[in-house]
Amino acid sequence: MPPVENHPPLLDLLWACQDAKGFLADEDIAAIAKRLEMPFIDVEGVCTFYHFFHRKPAGKYIIYLNSSILSECNGFEELRKAFQEATGAPWNGVDRKGVFGLYDTSCIGLSDQEPAALINFHPFTRLTPEKVFRIIKALQSGVPVPELADRVENQVRYIPPGDKAVLFREHTPGRSLEQLKSLRPEEVVEEVRTSGLRGMGGAFFPVGEKWKLCRSHEAPTRYVVCNADEGEPGTFKDRAILSLVPGLLIEGMIIAGYAVGARQGILYLRAEYRYLLPLLEATIEQYRKMGWLGKHIPALEPFDYDIRIQIGAGAYVCGEETALLESLMGRRGEPWTKVVFPVERGYLGFPTVVNNVESLSAAARVLEIGASPYRSLGTTQSPGTRLLSVAGDCERPGIYEIEWGMTVRELLDLAGARDTGYIQFSGPSGIGVAPTEKDRRICFEDLPCGGSVMIFDQKRDLLRILSNFTTFFKHESCGVCTPCRAGNFILSRKLEKISRGLGRSADLEEIRQWGNLMRVTSRCGLGKASAQSIIRAMDQYPDYFQKLVLEKGREKGFLMEEALEAYRDAAGEH
Ligand SMILES: Cc1cc2nc3c(=O)[nH]c(=O)nc-3n(C[C@H](O)[C@H](O)[C@H](O)COP(=O)(O)O)c2cc1C
Ligand code: SF4
């Protein structure tokens, strides 16, 4: 008999204490350590890794205000003050009576409804100072948080015309699974390979190839893990799938489990989406009742397969697949050096497929509509469609299901973006695109997109955008390797120095050197990508950066010889 998953419950136990008490005291850590027969220090090490576990009382109402750049552009500072005034709590602290805790947090997946906050993990969107005072007053008078929380909107603004929608076409529960009755697992893998479907979590690795590799490793069992961590700032497309078509995702996880020979699927859900838990649990239960999950799935004998949900605890790096597996195993979410890959040795040492929410949902559609029709959509190297989370300075923020190959110009027109000055594709880890590049095509061959498109109009300050990204990486670096830990700190200080008017041309050069070092020597994608946007922006807008070190310097009376020299060069005065 293959081993049954005996999942280490450490994160769940920490959550239970955190929820009950609002923090994790020494005695809680000691009790958990005793129960799991672990050293105290190991439990504490896990606890302190995650943002949402607190070692000191954190308030009866824990408020997390999103500090991403889109929140910053929409009044973060004003709201921070309003929350402080209304609650009496200091920033990143608790009020004297221990009622309100007030913290900033990285993107909470509500960029289309900013500014937004979570209160006890319930969503509050489109905040204004007046709304903040109303909410706090209601909480003070005893109104329960869920009664005050907002309903999260999932606005699908565009789907391809005709019969081309993939994710957001009509969903009939179980339809894709019917195909499994006439297909052997290896035929399912072949169908997905033929479709050319690529992973949608950012690395674009072909889904069918990953499943085939996983199958190729002999093992008593294998695992399927759905990556619903969606932490890249500006991204909320997985939230839309989880909210609007959760059954489609569950079908994708069942198909993946059947294809690779797994007995257990695990949905790793970011804590920021805890409000989706009841819906997702009900959906899993629905598929159990339909006979597609559980012991002895009648239609697919002898296939046993079930799905459970693991809630994360606030760590962007846990979206990286090996950090995610560490977290699933109840450890600190520190990425692995890539000596082995999860398809060979993953969760609990068994071959594991980790796929993004959208990848698994699209795989279900591939079975439903067929590999060839899917392949006929999009471009040669990126067939099918892709979901984009579009937000920022545009009239119609929301979810866009586009056929791969759409131009940036077409997308901006659809979204109602005007006077665009800068577009950030794929979040802070991605790349910035200038308005002069509007004819580029969103596809693997030209401009691959991880799912987020942040639009900034010409009034926005590029330096402020990049500074926000760098602060984000500085906080989210797991710190395990020096180039990323030190590099993000240094980049952040350099940008701060420049924005204070103290920058010199040499700082720009050092940013470049550090960025290159981080790209080459960091262990995981976080460190490798975190300087990418700054360096690209410096290449795209050299005059802007030169002027920045000059003009900011002039404002402060710190005009350096060297900067003046560079200015003369740029102005052709030599
Ligand atoms: C720092 C970092 C964060 C990541 N965050 C996510 C995430 O939130 N969701 C996701 O699906 N993939 C994320 N990834 C990519 C995963 O490591 C992995 O490639 C992906 O889950 C595989 O699924 P796919 O092949 O279906 O795309 C992240 C990678 C890095 C380096
Ligand atoms: S690159 Fe950064 S996030 Fe990744 S392992 Fe190194 S320190 Fe951690």
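Starting from 1, residues in each chain are numbered consecutively following that chain's sequence as written. All chains are assigned letters beginning with A, and all ligands numbers beginning with 1, in the order in which they are written. Given that the model is predicted, a residue must reach a pLDDT of at least 70 before its local features are reported, and side-chain atom pairs must reach 80 or more before they are shown or counted; all residues, however, enter totals for whole chains, interfaces and linings. As a rule here, side-chain values cover all heavy atoms of the structure and leave hydrogens and water aside.

Colleague: Please explain the overall build of the chain as it appears in this structure.
Modeller: Each helix corresponds to a stretch of at least 4 residues labelled H or I by DSSP, and each strand to a stretch of at least 2 residues labelled E; elements are numbered beginning at the N terminus. Broken down by element type, the chain carries 24 helices and 15 strands. The quantity called the radius of gyration is restricted to C-alpha atoms. Its globule counterpart is 2.2 Å times the number of residues to the power 0.38. Relative to the globule expectation of 25 Å for 574 residues, the C-alpha radius of gyration of the chain, 24 Å, shows essentially globular dimensions. When a residue's accessible area, from a 1.4 Å probe over protein chains only, is under 20% of the maximum for its type it is buried; when over 50% it is exposed; and in between it is partly exposed. Counting all 574 residues of the chain, 58% fall into the buried class. A sequence separation of at least 24 residues applies to 72% of the contacts in the chain between residues at least 6 apart. With the model as given, the accessible surface of the chain reaches about 23100 Å², and the carbon-plus-sulfur share is 51%. For the charge count, each Lys or Arg is scored as positive and each Asp or Glu as negative, with His and the chain ends excluded. For this purpose, a charge sits on NZ of Lys, CZ of Arg, CG of Asp or CD of Glu. Once the 69 positive and 75 negative side-chain charges of the chain are each reduced to a mean point, those two points are 2 Å apart. It only takes one pair of heavy atoms within 4.5 Å for two residues to be counted as in contact. The accessible surface values rely on the Shrake-Rupley method and a 1.4 Å probe; as for residues, cover is taken only from the protein chains in view.

Colleague: Where do I start with the site of ligand 2 in this structure?
Modeller: Whether a residue is near a molecule or strand depends on its heavy atoms: it is near if one of them lies within 4 Å of it. What surrounds ligand 2 is a group of 13 residues, the closest being Cys 478, Val 480, Cys 481, Cys 484 and Cys 524. Definitions used throughout: a 1 Å grid over protein atoms alone; a cavity as a set of points that fits a 1.4 Å probe which cannot get out; a pocket as an open set with protein on both sides within 12 Å along at least five of seven lines; a lining residue as one with an atom within 4 Å of a point. Each molecule is checked against the cavity or pocket grid, and it sits inside if more than half of its atoms lie within 2 Å of the grid points. When atoms are counted within 2 Å of each cavity's grid points, the one that captures over half of ligand 2 is the largest cavity. Tallied by class, the residues present in the shell around ligand 2 amount to 8 nonpolar, 4 polar and 1 charged. Only Asp, Glu, Lys and Arg are considered charged, only Ala, Val, Leu, Ile, Met, Phe, Trp, Tyr, Cys and Pro nonpolar, and every remaining residue, Gly among them, polar.

Colleague: Mind showing me how you'd approach the sheet that holds strand β10 (residues 352–356) here?
Modeller: Paired through their backbone hydrogen bonds, the strands of a sheet run either parallel or antiparallel. Overall, parallel pairing links the 4 strands, which are arranged β9-β8-β7-β10 in an open sheet. If you trace the sheet from one side to the other, it starts and ends with β9 (306–311) and β10, each paired once. When strand polarity is set aside, the average angle formed by the axes of neighbouring strands in this sheet is 20°. As paired elements, strand β8 (residues 262–269) and β9 share 6 bridges and run parallel to each other. Residue pairing in the sheet places Gln 264 in a bridge with Asp 306 of β9. Note on geometry: axes are C-alpha line fits, over the in-contact stretch for helices, and angles between N-to-C directions span 0 to 180 degrees. The sheet strands contacting helix α12 (residues 246–260) are β7 (222–228), β8, β9 and β10, and the helix crosses β7 at an angle near 155°. DSSP-based pairing: two strands are paired if at least 2 bridges between them are found.

Colleague: Help me understand the packing of helix α9 (residues 185–195) against helix α10 (residues 207–216), please; the structure alone is not making it clear to me.
Modeller: Two quantities define a packed helix pair, namely the angle between the helix axes and the distance between the axes. At their nearest, the axes of α9 and α10 sit 7 Å apart, and the two run at 150° to each other. The pairing of α9 with α10 is recorded here as roughly antiparallel in orientation. Judged by the sense of rotation from one axis to the other, the crossing of α9 with α10 is left-handed. Side by side, α9 and α10 meet where Pro 185, Glu 186, Val 188, Val 189, Val 192 and Arg 193 of the first sit next to Val 207, Gly 208, Glu 209, Trp 211, Lys 212 and Arg 215 of the second. Each angle is binned into one of four classes, with values under 35 degrees roughly parallel, values over 145 roughly antiparallel, values of 65 to 115 roughly perpendicular, and all other values oblique. By the definition used in this description, the sense in which the near helix is turned from the far one sets the handedness, with an anticlockwise turn below a right angle giving left-handed and a clockwise turn giving right-handed.

Colleague: What is the right way to look at the environment of Gln 84 in this model?
Modeller: Positionally, Gln 84 belongs in helix α5 (residues 76–87). Each C-alpha atom, one on Gln 84 and one on Val 132, is 9.9 Å from the other, the two residues being 48 residues apart in sequence. Those residues in contact with Gln 84 that sit more than four places away from it in its chain are Ala 89, Pro 90, Trp 91 and Leu 102.

Colleague: Would you mind going over a nonpolar patch on the surface with me for this structure?
Modeller: Two joining distances apply to patches: 9 Å for like charges and 5 Å for nonpolar side chains (Val, Leu, Ile, Met, Phe, Trp, Tyr), and every residue must have over 30% relative accessible area and no salt bridge. Take a side-chain nitrogen of Lys or Arg and a carboxyl oxygen of Asp or Glu: if they are within 4 Å of each other, that pair is a salt bridge. Side chains of Val 156, Ile 159 and Leu 244 sit close together on the surface and give an oily, nonpolar patch of about 210 Å² of accessible area. Here Leu 244 lies in helix α11 (residues 237–244).

Colleague: Explain the pattern of salt bridges here, please?
Modeller: Side chains that differ in sign of charge can pair as their charged atoms come close. Applying the stated criterion across every chain, the model contains 42 salt bridges. For Arg 169, the salt bridge identified is with Asp 163, shortest N-O distance 3.4 Å. Across the pair Glu 190 and Arg 193 runs a salt bridge whose closest N-O atoms are separated by 2.8 Å. Here the residue Glu 190 and the residue Arg 193 both occupy positions in helix α9, the gap between them amounting to 3 residues, near one helical turn. Owing to a relative accessible area of 36%, Glu 190 belongs among the partly exposed residues under this scheme. You can call Arg 193 partly exposed: its relative accessible area is 26%. Salt bridges here are not isolated pairs; linked through shared partners, they connect Arg 184, Glu 186, Glu 187 and Arg 215.

Scope: geometric values only; no functional claims are made or implied.
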